[in-house]
Amino acid sequence: MSTTDHDDTTTSSKPSFRDTVTAGLVQKALEPVLRAVRDEVASARREISERANGAKTGLVLTGAAVAFALTTLVLLAGLVVALLALALPIWAATGITFVVFAVVTAILFVVGLRGIRRGVPPVPKDTLRAAKDRVTHTGDSSATTD
């Protein structure tokens, strides 16, 4: 068995010169790739965080819409129905009140859902597109240099 073969029974823990040089070359070759991957992951994290904040805003607006609907229904419905009942039959006053509250609730709900859709699922689309462009650009430039 030669001295360059690796065997578990070898007592020497010192790597050979060739192994050290090879490891150094591999590390130098992989360093730019690893740095690029780390940069892309960091960019993706930032983008996901921004999208999650947008979804959070949408959820807050949707919650506000629900709270508004319930509170408005409980506190103001009776008052509006009573005021309209002075000029209209009670069924008409109740119907008009219901329609107005339903429209306000629907508008708030739709605005809230739009905010949620902007952030869910939190996929880093911009980062993925930029990475694909870089890979495509790198592939194009290496094909033209051959």
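Reading the values: rules and limits
- Residues numbered from 1 in each chain as written.
- Predicted model: local features only at pLDDT ≥ 70, side-chain atom pairs only at ≥ 80, totals over all residues.
- Heavy atoms only, no water.
- Helix = DSSP H or I, 4+ residues; strand = E, 2+ residues; numbered from the N terminus.
- Buried < 20%, exposed > 50% of the residue type's maximum accessible area, 1.4 Å probe, protein only.
- Areas by Shrake-Rupley, 256 points an atom, 1.4 Å probe, with all protein chains shown as cover.
- Contact = heavy atoms within 4.5 Å.
- pLDDT = per-residue confidence, 0-100.

### Remarks on the overall build of the protein chain
Inference 1: Helix and strand counts for the protein chain stand at three helices and zero strands.
Inference 2: N-terminal to C-terminal, the α/β element order of the protein chain is α-α-α.
Inference 3: For the protein chain, with 146 residues in total, the buried portion stands at 14%.
Inference 4: Of the accessible surface of the protein chain, which amounts to about 11400 Å², a share of 68% is contributed by carbon and sulfur atoms.

### A closer look at the environment of valine 81
Inference 1: Looking at where valine 81 falls in the secondary structure, it is placed in helix α1 (residues 17–85).
Inference 2: Relative accessible area serves as the criterion here: at 15%, valine 81 is assigned to the buried category.
Inference 3: In sequence terms valine 81 and tryptophan 91 are ten residues apart; their C-alpha atoms lie 8.9 Å from each other.
Inference 4: Contacts of valine 81, omitting those with residues within four sequence positions, involve Ile90, Ala93, Thr94 and Thr97.

### Here we look at the confidence of the model for the protein chain
Inference 1: When pLDDT is averaged along the protein chain, the result is 79; 84% of the residues meet or exceed 70.
Inference 2: Taking the mean pLDDT of every element in the protein chain, the minimum, 72, falls on helix α3 (residues 125–145) and the maximum, 87, on helix α2 (residues 90–119).

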